Amino acid sequence: MTERLAMLLHAVSVRRGDKWVLRDISWTLRPGERWALVGDNGAGKTQLLKLLSGDVWPTPGGPRSRRRARRRHERPSGAALNSDGRHYRVGRQPVELIEAKRRVAYVGAELQDKYARYGWNLRVRELVATGLHRTDLLLLPVTPPQAKRVTATLRLCGLSRHAAREFLSLSYGQKRLALLARALVQDPDWLLLDEFYNGLDADYRQRIDEVLGAGVRRGQSWVATAHRAGDVPRGTRCMLELAEGRVHAIKRIRPSDLARLTERAGESRRHPQRARRSSRAGKSVRAGKLPRAGKVAASSAPVLLRLSRVNLYVDYRPVLRDLDWQLRRGEHWAVYGANGAGKSSFLKLLYGDLSPSLGGRIERAGFPSGTPIAEWKRYIGYVSPELQTDYAVNVSVLDVVASGRYASIGLVDEATAGDRRAATYWLRFFGLLSVAKRRPRELSYGQLRRALIARAMAADARILLLDEPLTGLDPAQRAIMKRLLERLMKRLTLIVAVHHPEDLPRGMTHGLRLHNRRAYPSDSYSAT
C-alpha cells in the first residue's frame, strides 16, 4: 500500500482580529486514523480543519509562545520542521506544506454555498473534474485517463445517472455526494469533513457512510466535525474535543462520548435543572409524536393560507403534485420528508419565491389576487440555509435585522428610526444587542442564525417559515433556539422543516409528510 501522510501540530495558535480562535494546539494525526472533531459553536473546529489543510496560517507569537520556545527540544522528529508549528511526513520522509496540501481534501458547506452565491452551475461531471486541479471552475481540458477517473468516482458515489445534470438542480443530499466525489477524485490521504452530514436524511447519511467505508479499506483517513452522534461517520475511532479554542480532550471514542453530543447531554453540562425539564417535555418527540400544544387550533379559526390543486415544478422538474392544504391561525406545522422530497421548495412556495403551475391556486388572507408578492413577503418571515449564505454582505447586524422590514438583503437607504427601534427590540429578544455593530461573518454560526430569525420578525411577521433552523448548532445553541421559538409561537404561526424530531419546539400541532411528490397531513413524526 502506498505510504500516506502524517500530520503533526505543535503548540499552534491562530488569531482573527483581536481574538485567539485557536490556542496552543498540539495534535498528531497518523495515517489510517479517523477522527471526530467536536466542540460548541465558536470553539474553533472549522479553523482547525483549515489549519490542517493549509488554508489558514498559524499566528506567530501565540498566547504561550515563550513556553513554546523553551520546549523546542520536544518537537516531533522525522517531520519537516516548519517554523509555524505544522509538520508533515510520509513514512519517515519529511514533506513540505505544498506537497502536504496535495494530499488533503477539505469538504465543507461553504463551497456548496459559493457555487449557489455566484450561480456557478456546472454539470456534475465537470464539478467532480474540478477536483483534479483543485479549482472552483474547470479551467483545463480533461484528459481521457482523468475522464475515466471521474467516471469511476461518480460510480462509487452513486451519481452516474446524474453526471449530466446541473449542480444547482440537485437535491441537498445529491449536492453533498457530488462534493464528496469532487474530493475523492483527488485520491487524498486525508478527508477533512466540516459538518458534512448537516441537513442530510438517514438514507443519505448511510450512502455517505458506505462511500467512506469503501475508502477505509484503501487506508482512507479523515477528520470530521460534528454536533450530533448520528453525524459522526461510521468507522470513526478517535476524538478531539475543543473548548474555546483549546484542546479539551484527545481520546479513543467510547459510546459515552457520543452520548454527550445529544441535546440532553449538552443541556445538562450548563443548566442541569433546565435539562430535567427538557427531558420530561421531550418524551413525546422521542416517541415519534409531535409535541402537543396546550390547545390545538379550532377548525373554525380563520384560514391564513389555502393551496388548491397546486402542482409545483422547479427547473422543469416536478416537485409536488395535486397539493391541497390550508393553514389556520393558531396552527404550527412540522414539515418532514427525505432529501429531495420538496421541503425547501414547499416553504419557498408559501413565501412566494416559487409559483404553482397553471391550474393551481394560492389564496392568502387579506391579500386579494393581483396583490404584488412583495406586499405578502413583508408579513412573512423566512429563514433558510441559502439566506445565511446570501448574508456575506458588509453591513452591521443591526442593518441585517432592519432589512427584514423590507424583505431585502441589506438596506437600500439608511435605516429609519422605526427600523432601528424594531431591530433593537428583536436583537434584545434574541440576546444579540452586544453584537449589533458587528458584521455577519464576525458572528458565530449560532449567533448568525438567531440574527436571521430576528430579521424575519422585524416586519411583525404573522407566519414564520424556518428551513432546518437548528442544523449546524451545538446542543446548547439548539436548546436556546428551541426556547426562543416556543416564545415566538405565542404570537405567530410557525412552519418548520426538519429532519430530526428533537429539533421541534414544544407546541407543534400538525405534521406534513412529503413523499413521492405528494403531501400527507399527520399528527405524528417519523425521523428521516
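See above for the structure.
Caption draft 1: Region of the structure containing the sheet that holds strand 2 (residues 19-29). Sheet architecture is open: four strands sit in the order 2-1-4-5, paired in antiparallel fashion. Single-partner strands in this sheet number two, and they are strand 2 and strand 5 (93-94).

Caption draft 2: Representation of the pattern of salt bridges in the model. Scanning the entire structure with this criterion turns up 15 salt bridges. The shortest N-O distance in the salt bridge between Arg4 and Asp189 comes to 3.2 Å. A residue pair is termed long-range when its members are at least 10 positions apart, and Arg4 in the segment before strand 1 (5-16) and Asp189 in the loop between helix 7 (172-184) and strand 7 (190-194) qualify at 185 residues. When its relative accessible area of 14% is taken as the criterion, Arg4 is described as buried. On the basis of relative accessibility, which here comes to 5%, the residue Asp189 falls in the buried class. A single salt-bridge network, built from bridges that share partners, covers Arg4, Glu99, Arg102, Arg103 and Asp189.

Caption draft 3: Summary view of the environment of Leu22. Tracing the chain through its elements places Leu22 in strand 2. You can call Leu22 buried: its relative accessible area is 0%. Taking C-alpha positions, Leu22 is 8.9 Å from Val247, a pair spaced 225 residues apart along the chain. Residues in contact with Leu22, not counting those within four places in the same chain, are Ser13, Val14, Gly44, Gln47, Leu48, Leu51, Leu242 and Gly245.

Caption draft 4: Molecular detail of a nonpolar patch on the surface. On the surface, Leu137, Leu139 and Leu140 cluster together into a nonpolar patch covering about 290 Å² of accessible area. Relative to the helices and strands, Leu139 resides in the loop between helix 5 (124-133) and helix 6 (144-156). Here Leu139 falls in the exposed class, since its relative accessible area comes to 64%.

Caption draft 5: Quick peek at the environment of Arg182. Of note, Arg182 is situated in helix 7. As for Arg182 and Val124, which are separated by 58 residues in sequence, their C-alpha atoms are 9.3 Å apart. What Arg182 contacts, discounting residues up to four positions off in sequence, is Leu111, Tyr115, Leu127, Val128, Thr130, Gly131, Arg134, Thr135 and Asp136. Looking at Arg182, its side chain comes within polar contact range of the main-chain oxygen of Thr135, at 2.9 Å.

Caption draft 6: Up close: the side chain of Asp194. Within the secondary structure layout, Asp194 lies in strand 7. At a separation of 2.7 Å, a polar atom in the side chain of Asp194 contacts the side chain of Tyr106. In terms of polar contacts, Asp194 uses its side chain to reach the side chain of Thr225, at 3.0 Å. Non-local contacts of Asp194, meaning those with residues more than four positions away in its chain, are made with Thr46, Leu49, Tyr106, Val107, Gly108, Ala109 and Thr225.

Caption draft 7: Summary view of the sheet that holds strand 9 (residues 238-243). Pairing in this open sheet of six strands is mixed, and the strands run 6-7-8-3-9-10 from one edge to the other. Each having just a single partner strand, strand 6 (104-108) and strand 10 (246-252) make up the two edges of the open sheet. Neighbouring strand axes in the sheet, compared pairwise and without regard to direction, differ in orientation by 15° on average. Where strand 7 lies against strand 8 (residues 221-225), four bridges are found, and the strand directions are parallel. Across the sheet, the residue bridging to Leu191 is Trp222, located in strand 8. Across the face of the sheet, helix 4 (residues 109-118) comes into contact with strand 6 and strand 7 while running at roughly 65° to strand 6.

Caption draft 8: Geometry of the nonpolar core. Formed by 41 residues in total, the largest nonpolar core has its most connected members in Trp426, Phe430, Ile453, Leu464, Leu466 and Leu488. Breaking this core down by element, the ones donating at least two residues are helix 16 (397-402), helix 17 (417-429), helix 18 (445-457), strand 16 (463-467), helix 19 (475-488) and strand 17 (493-497). When near neighbours in sequence (up to four residues on either side) are disregarded, Leu466 contacts Leu347, Val383, Ile453, Leu485, Leu494, Ile495, Val496 and Ala497.

Caption draft 9: Examining unusual backbone geometry more closely. Despite not being glycine, Arg134 shows a phi value in the positive range, around 55°. Position of Arg134 relative to the elements: it lies in the loop between helix 5 and helix 6. Residue Asp322 is not a glycine yet carries a positive backbone phi of 50°. Looking at the element boundaries, Asp322 is found in strand 12 (residues 317-328). The exposure class assigned to Asp322 is partly exposed, which follows from its relative accessible area of 43%.

Caption draft 10: Structural context of helix 7. With 13 residues, helix 7 extends 19 Å from end C-alpha to end C-alpha; this agrees with the ideal 18 Å at 1.5 Å per step. Those residues of helix 7 that are buried lie in contact with strand 6, helix 4, helix 5, helix 6, strand 7 and helix 8 (202-216).

Caption draft 11: Expanded view of the packing of aromatic side chains. Following the criterion strictly, the structure yields 13 aromatic pairs and no others. Seen in terms of ring centroids, Trp27 and Trp35 are 5.2 Å apart; in terms of plane orientation they differ by 85°. Their pairing is edge-to-face. Judged by its relative accessible area of 2%, Trp27 is buried. Judged by centre distance (5.4 Å) and plane angle (90°), the ring pair of Phe367 and Trp376 falls under edge-to-face. Owing to a relative accessible area of 14%, Phe367 belongs among the buried residues under this scheme. A residue is classified by how much of its surface remains accessible, and Trp376, at 4% relative accessible area, is buried. An aromatic cluster is present here, built from Tyr115, Tyr118, Trp120 and Phe167 joined pairwise through their rings. For the cation-ring pair, Arg176 lies above Phe196, with the distance from its terminal atom to the ring centre recorded as 5.6 Å. The aromatic ring of Tyr379 is capped on one face by Arg462, whose charged end is 4.3 Å from the ring centroid.

Caption draft 12: The arrangement of helix 17 in detail. Spanning 13 residues, helix 17 covers 18 Å between terminal C-alpha atoms, matching the ideal 18 Å at 1.5 Å per step. Within the sequence span of helix 17, burial applies to Gly418, Asp419, Ala422, Ala423, Trp426, Leu427 and Phe429. Mapping the buried residues of helix 17 onto a view down its axis gives an arc of 160°, with all of them on the same face. Opposite the buried face of helix 17, at more than 90 degrees from it, the exposed residues are Arg421 and Arg428. Downstream of helix 17 by one or two residues, Gly431 has phi in the positive range, about 70°.

The rules we used
- Residues numbered from 1 in each chain as written.
- Predicted model: local features only at pLDDT ≥ 70, side-chain atom pairs only at ≥ 80, totals over all residues.
- Heavy atoms only, no water.
- Pairing = 2+ DSSP bridges.
- Helix = DSSP H or I, 4+ residues; strand = E, 2+ residues; numbered from the N terminus.
- Salt bridge = Lys/Arg side-chain N within 4 Å of Asp/Glu carboxyl O.
- Buried < 20%, exposed > 50% of the residue type's maximum accessible area, 1.4 Å probe, protein only.
- Contact = heavy atoms within 4.5 Å.
- Patch = residues over 30% accessible without salt bridge, like charges linked within 9 Å, V, L, I, M, F, W, Y side chains within 5 Å.
- Areas by Shrake-Rupley, 256 points an atom, 1.4 Å probe, with all protein chains shown as cover.
- Polar contact = N/O pair within 3.5 Å; in protein donor to acceptor, adjacent residues only side chain to side chain.
- Axes fitted to C-alpha atoms, helices over the stretch in contact; angles between N-to-C directions.
- Core = buried A, V, L, I, M, F, W, Y, C linked by side-chain atoms within 4.5 Å.
- Expected span 1.5 Å × (residues − 1).
- Phe/Tyr/Trp six-rings, centres within 6.5 Å; stacked < 30°, edge-to-face > 60°.
- Lys NZ or Arg CZ within 6 Å of the ring centre and 35° of its normal.
- Arc of directions from axis to C-beta.

Any functional reading would require information beyond the geometric quantities listed.
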